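# Report on the structure
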Amino acid sequence: MAGHGARGRSGGRPTLEEVAARAGVGRGTVSRVINGSPRVSDATRAAVEAAVAELGYVPNTAARALAANRTDAIALVVPEPETRFFAEPYFSDMLRGVGAALSDTRMQLLLIFAGSDRERQRLAEYLAAHRVDGVLLVSVHADDPLPDMLSQLEIPAVISGPRSAAETLASVDSDNYGGARQAVEHLIGRGRRTVAHITGRLDVYGAQRRIDGYRDALRDAGHEVDDLLVEPGDFSEDGGRRAMAALLERRPDLDAVFAASDVTAAGARHALRDAGRRIPDDVALVGYDDSAIARHMDPPLTSVRQPIEEMGRAMTDLLLAEVADRRPSVSRELERRQMVLATELVARASS
């Protein structure tokens, strides 16, 4: 009966040791399964879960966290203003992936904004008190002090894209270089000769890699690389509008634009229409992200799809693995891990 199965050999609540004995595994393996660690085979996980169900084992979450010096919480830290977080689909897709990865664990997720000096100082004090087990850091800029602060505090952390080619923290990113090449090769393949680029923020390594991909694709196709065709943006709609206007003033003969994000492309579209340019007849337009904005734009926007939700899941899996097993050798291995996920061009009417 259910009531009988919920009692251990001692007559009280079933213990972790009894679950381990029933499953035929060690105590540490049971702990990893209960903590949601991915470092367990499917067969072992199934055996432990069956033993937990048969015995009616219920973890003492508070005692477990206290004994392991754990909080059973991780933070998603966004060093951007709240307005940008809620305006750009990138962040909601990332959050969806993180939530999916945590759905079968006991971890709580804290969303923390750190876009100002005051917010960063408050975050530093919060993290120094070790109130979370690990941190997911998204939208990292080259000069951002947060990654180094996390290393100094010895808090497990994974970032959404490296700060440079020499990144030491674990990171998950999309193939920014390859995605940019796909965009430019597509435009050249459609007969476009004068391809401009509106960049993202240049203190973001991913934006730098998109510029590299743009330039290399032009060179490989035998096209001249003209810096007058490159205009800095900031991933925003207003930035896209301003950059597009500047490009049209400098190079009115341009016939294609690769924008560093769909939001930027939306701004560029407004500027093109204000200037009387038809899309794609006069100027072809390609974005990056393949967000809902791309699908609902008029005309629908060709865009490079980066698997943002999958990136969120992968970041979370990496972080959970480090949180579950903090042995120094494992930590060093994870710190070196740089995951790069493939991108895909989705062609629509704008090009």
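Residues numbered from 1 in each chain as written. Predicted model: local features only at pLDDT ≥ 70, side-chain atom pairs only at ≥ 80, totals over all residues. Heavy atoms only, no water.

Before going further, it helps to examine the sheet that holds strand β12 (residues 344-346). The sheet built from six strands is open, its strands ordered β7-β6-β8-β9-β10-β12 with mixed pairing. Each having just a single partner strand, β7 (230-231) and β12 make up the two edges of the open sheet. In the sheet, strand β6 (residues 195-198) pairs with β7 via two bridges, with the strands oriented parallel. Bridged to His-197 within β7 is Val-230. Across the sheet, helix α11 (residues 205-220) lies against β6, β7, β8 (256-259) and β9 (284-289), angled at about 175° from β6, the strand it touches most. (Pairing = 2+ DSSP bridges. Helix = DSSP H or I, 4+ residues; strand = E, 2+ residues; numbered from the N terminus. Contact = heavy atoms within 4.5 Å. Axes fitted to C-alpha atoms, helices over the stretch in contact; angles between N-to-C directions.)

Another point: helix α10 (residues 176-189). For α10, with 14 residues, the first-to-last C-alpha span of 20 Å sits near the 20 Å given by 1.5 Å per residue. Within α10, ten of the 14 residues are buried, which leaves the element mostly enclosed by the surrounding structure. (Expected span 1.5 Å × (residues − 1). Buried < 20%, exposed > 50% of the residue type's maximum accessible area, 1.4 Å probe, protein only.)

Below, the discussion takes up the side chain of Thr-199. Here Thr-199 lies in the loop between β6 and α11. Discounting residues that sit within four places of it in the chain, Thr-199 has contacts with Ile-211, Val-230, Glu-231, Pro-232, Gly-233, Asp-234 and Ala-260.

A few words on the sheet that holds strand β4 (residues 157-159). Taking strand neighbours across the sheet as the criterion, the six strands line up as β2-β1-β3-β4-β5-β11 in an open arrangement whose pairing is parallel. Two strands lie at the open edges of the sheet, namely β2 (108-113) and β11 (338-341), each paired on one side alone. The sheet shows a mean angle of 20° between the axes of neighbouring strands, taken without regard to direction. Here three bridges tie strand β3 (residues 134-137) to β4, and the two strands are oriented parallel to one another. Within β4, the residue paired with Leu-137 across the bridge is Ile-159.

Turning our eyes to something else, we now look at the packing of aromatic side chains. Each aromatic ring pair is characterised by the separation of its centres together with the angle its planes make. Evaluation of the coordinates by the stated rule reveals six aromatic pairs. Where Phe-85 meets Phe-86, the ring centres are 5.1 Å apart and the plane angle is 85°; that geometry is what we call edge-to-face. For Phe-85, a relative accessible area of 6% corresponds to the buried category. Aromatic rings pair up to connect Phe-85, Phe-86, Tyr-90, Phe-91 and Phe-113 into one cluster. (Phe/Tyr/Trp six-rings, centres within 6.5 Å; stacked < 30°, edge-to-face > 60°.)

On to the nonpolar core. If you look at the biggest cluster of nonpolar residues, it comprises 37 residues, and the most contacted ones within it are Met-244, Leu-254, Val-257 and Phe-258. Elements that contribute at least two residues to this core include exactly α10, β6, α11, α12 (237-250), β8, α13 (262-274) and β9. The contacts of Met-244, once residues within four sequence positions are left out, are Ile-198, Leu-254, Val-257, Ala-268, Ala-271 and Leu-272. In terms of nonpolar packing, the next biggest core, distinct from the first, is built from 25 residues, Ile-308, Met-311, Met-315 and Leu-319 among them. (Core = buried A, V, L, I, M, F, W, Y, C linked by side-chain atoms within 4.5 Å.)

Within the secondary structure, Arg-210 sits in helix α11. Although Arg-210 is buried, it makes no salt bridge; Asp-289 carries the closest opposite charge, 4.8 Å away. Within the structure, Arg-210 has its side chain in polar contact with the side chain of Asn-176 (distance 2.8 Å). Residues in contact with Arg-210, not counting those within four places in the same chain, are Asn-176, Ala-180, His-197, Phe-235, Phe-258, Ala-260, Tyr-288 and Gln-306. (Lys, Arg positive; Asp, Glu negative; His and termini not counted. Salt bridge = Lys/Arg side-chain N within 4 Å of Asp/Glu carboxyl O. Polar contact = N/O pair within 3.5 Å; in protein donor to acceptor, adjacent residues only side chain to side chain.)

Following Ile-279, the chain continues into Pro-280 via a peptide bond in cis, with omega recorded as 5°. Secondary-structure assignment places Pro-280 in the loop between α13 and β9. Residue Asp-298 is joined to Pro-299 through a cis peptide bond whose omega torsion reads -5°. Along the chain, Pro-299 falls in the loop between α14 (292-296) and β10 (302-305). Residue Asp-72 is not a glycine yet carries a positive backbone phi of 55°. Relative to the assigned elements, Asp-72 resides in the loop between α5 (61-67) and β1 (73-78). Given the relative accessible area of 7%, Asp-72 is considered buried. Positioned with a positive phi, Glu-154 is a non-glycine residue whose angle comes to about 60°. The topology assignment puts Glu-154 in the loop between α9 (146-152) and β4. A relative accessible area of 68% places Glu-154 in the exposed class.

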